[in-house]
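Breakdown of the fold
Take a look at the letters that make up each chain.
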Amino acid sequence: MSAAEALAPAPPAARPRSRAWRRFRRHRLALFGAAAIVVMVIAAAAGPWLIPFDPLHIDLRHRFQPPAGGGHLFGTDQLGRDLLIRLLMAGRISLTIGFAAMTVSTAFGTVVGITAGYYGGALRIALMRFVDAVLCFPQIFLLLVLAAFIQPSIATLTLIIGATSWMEVARVVEGQVRSLRERDFILAAETLGASGRYVMFRELLPNAIGPIIVAATLTVARAILMEAYVSFLGYGIQPPMASWGNMLNNAQEYLASAPWLAIFPGAAITLAVASFNFVGDGLRDALDARLDLH
Amino acid sequence: MTAGAPLVEVTGLRQWFRVGGGFFGRQDTVRAVEDVSFAIARGEVLGLVGESGSGKSTLGRAVVRMSVPTAGTIRFEGRDITRLGRRALRPIRPRMQFIFQDPFASLNPRMTVRQIVGAPLAIQRPELDPAARAGRVAEALQTVELSPAHLDRYPHEFSGGQRQRIGIARALIMEPRFLVADEPVSALDVSIQAQILNLLIAVRQKLGLTMLFISHDLAVVGHLCDRVAVMYLGRIVEIAPTRALFRCLRHPYSQALFSAAPVADPTLRRPRILLTGDLPSPLAPPSGCAFRSRCRHALPACATAVPPLREAAPGHAVRCIRDDVALGPPG
Amino acid sequence: MAQEPLLEVSHLSVTFATENGPLPAVRDVSFRLSAGETLALVGESGSGKSVASLALMRLVPPAPRVSLGGSAHFCAADGSRHDLLALAPDAMRRLRGNEISMIFQEPMTSLNPVHRIGEQIAEAIIFHQGASHRAALARAGELLEKVGIPDAHRRLSAFPHHLSGGMRQRVMIAMALACTPRVLIADEPTTALDVTVQAQILELLKELQHANGMAVVFITHNLGVVAEIADRVMVMYAGLIVEEGAMVPVMTRPRMPYTRGLLHSVPRIDPETLGSAPLTAIPGTVPDPLHLPPGCAFAPRCAHAEPACAAAPPPLEPAGEGRLVRCRRWRALAEAPA
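Attention here is on the structure that accompanies the text. Remember, predicted model here, so these are calculated numbers, not experimental data.

Digging into the environment of Asn 222 of chain C
Take Asn 222 of chain C: it is sitting in the loop between β8 (215-220) and α9 (223-229). A relative accessible area of 26% places Asn 222 of chain C in the partly exposed class. For the pair Asn 222 of chain C and Ala 308 of chain C, spaced 86 residues apart in sequence, the C-alpha separation works out to 31 Å. If we ignore the near neighbours within four places in the chain, the residues touching Asn 222 of chain C are Pro 262 of chain B together with Gln 198 of chain C. Here Gly 224 of chain C takes part through its backbone nitrogen, which lies 2.8 Å from a polar atom of the side chain of Asn 222 of chain C.

Next up, the structure:
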């Protein structure tokens, strides 16, 4: 039988990755969101070096400069500090907390979800009931209570936000793993004598990566929003350090006289949160594993 | 252990599953496999035939300990493996392997052929250096007649037959003694089925494999197996050497199954035994002989007790109280 | 003179528009179907057998995703003739499920899980025949009885998931027969079923066909089923008809090497020769429809191929006994032993 020769390489089918990219590209808003995120990250990272102002420099002679006034593109605040540089510095903090909290919550949620989904039984029930219990607390109160007891800093805020936003990932991963758990390729690994760790992280995790990425992206958006809430209420990043949330807090008093103080940080939060949500939606469609079958 | 001892010996095996339950549902027990005993000699291929719901796949999976049997014993190479835990099974696993029915579900879609076929080595022999591993992967691919050009491709780039070859390469790379093949060709196109069957016959001879071959197709089982067991509702109803079975079918269910299989030769017309009704629910099988509700030879006595598996001829056992219903070969 | 065919398909072609270019799924398929006849359409996955039947039912996606070519003239009960491929969607809807019906491999996906089966059958009767709800339900009960469902009138209020696979296929058949169609297209109706249940369903189809005189297009990959049910056979490969003729000659003296290969790759149950010889497998796999070979599509897998086979596609030519064969070498092969 000449099967070997006849088994010429299969038709060049597109790899899953390139097909996912093709689907993502069709999603206009997601492309816009991705571009906006890139611009924001670059601006926050490099922008402060390009602007000839100190974010903490108080200049009482130039208080409340309106945008484009006196060389200040976005104007100045009640202490005469340049708003653009403060916005960019605040962006560094908000984006850092957003990404760091996402990393913490995704890692923790993934481990909880994969453990619950793989082992099942009593362990699953215990872990998932714990997830439900944490979900029962209103997140914002939990956040405020924790923030009230802990000295606020970037690291502690990251941990606090991470600790209150891992449940979504845990649920998504648990569901995905549970549906894959009885698949033949997992049984095949078991009949090869694979350890639980091997099956969880080598076999199951790569198949759950799509939903994890989607949930992670949405978590960034939520973490940025959470940071803004907490800082707005005064429990987060403390002045004079700037964050989008405490800049809004600061702007409250001058809403009528200097509206730009509220408009720019507000717009920044909206843009960041919306962008991450758009990208999350785009990824959800692009990485939908069902579309990859056949 | 003597040379004549069977490689695999199953005694009184039961595999039950609980279904339903939860908050409001009633919990029931499905007796998927009920009191099954057989032995497979070294180098022998035992066929397991039955329709959906017969428990043949459950049995095949239990034998290689993919599940924890409810009762009974499984001996492999003389050792009782019925209750062994994951760790204790680990060194035994490479010697008993499994081939899955669905070549689409049995390969991890996120792994390349190299990773899939190499997985047994990664799991069992992590100390092996990459060159030695690559060599064995290439060798396994050669055994299943796949080109090494395929190594870095993903499963979705292959046809069903090629995927099944990848699954067979994975099962063979550790050089197992015992192979359970669960309907390995039923998901494939007709022209590809013969390729895979021929491949299985070739590797069986090359490696001296002992096999449990599960199929719903009597012709395929007849072609490949030395002995055949017919299952109905969790029990073996007839077991015999292949030729003896096809010469003389003794159980009414085997006869019906045999006569229902369509034959691609219009000049051969067999009398057809049409079964009436459906397979009874495995949750509430009929009392006594489970087949009696559809059996044209049933007697009142069939309802009283499960008939024992009795030897009707040398090596030919049948679970039926009547010995006057044997059916000769077709045509 | 033979009677006028119920269905006359000429030069049917179905081409899908894909990201990688046009994909010809069915190429130049022509056949005639007469009343009471069973035509088996045989082929493997990708042969185009299912697509051809879906195109006749106009159940393929509309242009520009799919382009249809050729014609399919159907002779309706009132004597009018319609080209199924050119008919307006409305007119097609009136024919479909009424004069031409179809049953599928997986009955569960064709039945709506949230409606009782009686209602689902009745719906078709009400739509096509304008019967009252009550009369339609009564007729549904009769139909279920006719397809051998025990306790039929009580089962009218059952949901699809209450039934076994075989029973669901019977319900599908009852639905397809609700308006006594002239043509039934059955797409692998027994493939998902156990052999004992398959035997029951084949028997049922034969009985119903005998009673109604309807024509059946039976799509299958199972040659045993073909021998069981067909009057004529049409073998498809890579979208083309490669052999067509009356069932017995095609199955006993196949001319096309592909048909021959299919027949030889199925093991036979014969206690005397059991397992003694390896099966003669067809090497390789079906060609990629996007990159079809220039000559005979089967040539790369054919043991009898000559250089000429790979150069240009062979024509479908008559080979005696009313048979058509698409093979350059059929004469030479007809003389050689099978």
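Re the interface of chain C and chain B
The interface of chain C with chain B comprises 43 residues on the first partner and 40 residues on the second. Regarding the contact of chain C and chain B, the summed buried area is about 3,700 Å², with carbon and sulfur atoms giving 59% of it. At the boundary of chain C with chain B, the tally comes to one salt bridge. With its nearest N and O atoms 3.7 Å apart, the salt bridge here joins Arg 268 of chain C to Asp 265 of chain B. Here chain C and chain B share ten residue pairs in polar contact (both at pLDDT 80 or more) between them. Put simply, the parts of the chain that give the side of chain C that touches chain B at least two residues each are α8 (195-212), α9, α10 (247-252) and α11 (257-264) of chain C. Here the side of chain C that touches chain B is composed, by residue class, of 23 nonpolar, 13 polar and seven charged.

Description of the sheet that holds strand β11 (residues 310-313) of chain B
Residues and elements named next belong to chain B. Across the sheet, eight strands lie side by side as β6-β7-β8-β3-β9-β10-β12-β11; this open sheet has mixed pairing. For this open sheet the edge positions go to β6 (96-99) and β11, each flanked by a neighbour on one side alone. Pairs of neighbouring strands in the sheet enclose a mean axial angle of 20°, with direction left out of account. Along the sheet, helix α1 (residues 56-63) makes contact with β3 (45-49), β6, β7 (178-182), β8 (210-215) and β9 (227-232), crossing β8 at roughly 155°.

Topic: helix α6 (residues 139-149) of chain A
Residue and element names in this part refer to chain A. For α6, every residue scored as buried is listed here: Leu 143, Leu 144 and Ala 147. Axial view of α6: buried residues confined to an arc of 95°, hence all on one face. Of the exposed residues in α6, the ones pointing more than 90 degrees away from its buried face are Phe 141 and Phe 149. If you follow the buried residues of α6, they end up packed against α7 (154-163) and α10 (196-232).

Some points on the pattern of salt bridges
All told, the structure shown has 35 salt bridges over all chains when counted by the stated rule. Linking Glu 19 of chain C and Arg 26 of chain A is a salt bridge whose minimum nitrogen-to-oxygen distance equals 3.4 Å. Pair noted here: Glu 19 of chain C is in the loop between β1 (7-18) and β2 (21-33) and Arg 26 of chain A is in the loop between α2 (16-25) and α3 (28-50), and the two residues belong to different chains. Overall, the relative accessible area of 58% leaves Arg 26 of chain A in the exposed class. Each of Glu 243, Arg 253, Glu 321 and Arg 323 of chain C takes part in salt bridges that share partners, so that together they form one network.

Regarding unusual backbone geometry
All names here are of chain B. At Asp 35, a position not held by glycine, the phi torsion is positive, near 55°. With respect to the element layout, Asp 35 can be found in strand β2 (residues 27-40). Despite not being glycine, Leu 233 has its phi angle at roughly 45°, a positive value. Judged by its relative accessible area of 10%, Leu 233 is buried.

Brief notes about the packing of helix α8 (residues 167-181) of chain A against α10 of chain A
The geometry of a pair of packed helices is captured by two quantities: the angle between their axes and the separation between those axes. Residues and elements named next belong to chain A. Closest axis-to-axis distance for the α8/α10 pair is 9 Å, and the angle between their directions is 160°. Overall, the two elements α8 and α10 adopt an arrangement that is roughly antiparallel. As for the relative orientation of α8 and α10, their crossing is right-handed in sense. Seen from α8, the contacting residues are Glu 168, Val 169, Val 172, Val 173, Gln 176, Val 177 and Leu 180; seen from α10, they are Leu 204, Asn 207, Ala 208, Pro 211, Ile 212, Ala 215, Thr 219 and Arg 222. Across the contact of α8 with α10, the residue classes break down as ten nonpolar, three polar and two charged.

Regarding the packing of helix α4 (residues 83-119) of chain A against helix α12 (residues 260-286) of chain A
All names here are of chain A. Remark: α4 packs on α12, axes separated minimally by 11 Å, with the N-to-C direction vectors making an angle of 30°. Classed by the angle they form, the pair α4 and α12 counts as roughly parallel. When the axes of α4 and α12 are compared, the crossing they make is right-handed. From α4, Leu 83, Leu 87, Leu 95 and Phe 99 reach across to α12, where they touch Trp 260, Leu 261, Phe 264, Pro 265 and Phe 276. Here the contact of α4 with α12 is composed, by residue class, of nine nonpolar, no polar and no charged.

Remarks on the environment of Tyr 198 of chain A
Within the secondary structure layout, Tyr 198 of chain A lies in helix α10. Residues contacting Tyr 198 of chain A, with those up to four places away along its chain left out, are Glu 203 of chain A together with Met 111, Ala 119 and Ile 123 of chain B.

A few points about the environment of Ile 125 of chain C
Residues and elements named next belong to chain C. Position of Ile 125 relative to the elements: it lies in helix α4 (residues 117-129). Sequence separation of Ile 125 and Arg 139 is 14 residues, and the distance between their C-alpha atoms is 8.3 Å. Setting aside residues no more than four positions away along its own chain, Ile 125 makes contact with Gly 130, Ala 131, Ala 136, Arg 139, Ala 140, Leu 143 and Ala 178.

The rules behind these values
Residues numbered from 1 in each chain as written. Chains lettered and ligands numbered in written order. Predicted model: local features only at pLDDT ≥ 70, side-chain atom pairs only at ≥ 80, totals over all residues. Heavy atoms only, no water. Helix = DSSP H or I, 4+ residues; strand = E, 2+ residues; numbered from the N terminus. Buried < 20%, exposed > 50% of the residue type's maximum accessible area, 1.4 Å probe, protein only. Contact = heavy atoms within 4.5 Å. Polar contact = N/O pair within 3.5 Å; in protein donor to acceptor, adjacent residues only side chain to side chain. Buried area = accessible area lost by both parts, 1.4 Å probe. Salt bridge = Lys/Arg side-chain N within 4 Å of Asp/Glu carboxyl O. Nonpolar A, V, L, I, M, F, W, Y, C, P; charged D, E, K, R; others polar. Pairing = 2+ DSSP bridges. Axes fitted to C-alpha atoms, helices over the stretch in contact; angles between N-to-C directions. Arc of directions from axis to C-beta. Parallel < 35°, antiparallel > 145°, perpendicular 65-115°, else oblique. Left-handed = near helix turned anticlockwise from the far one by under 90°.

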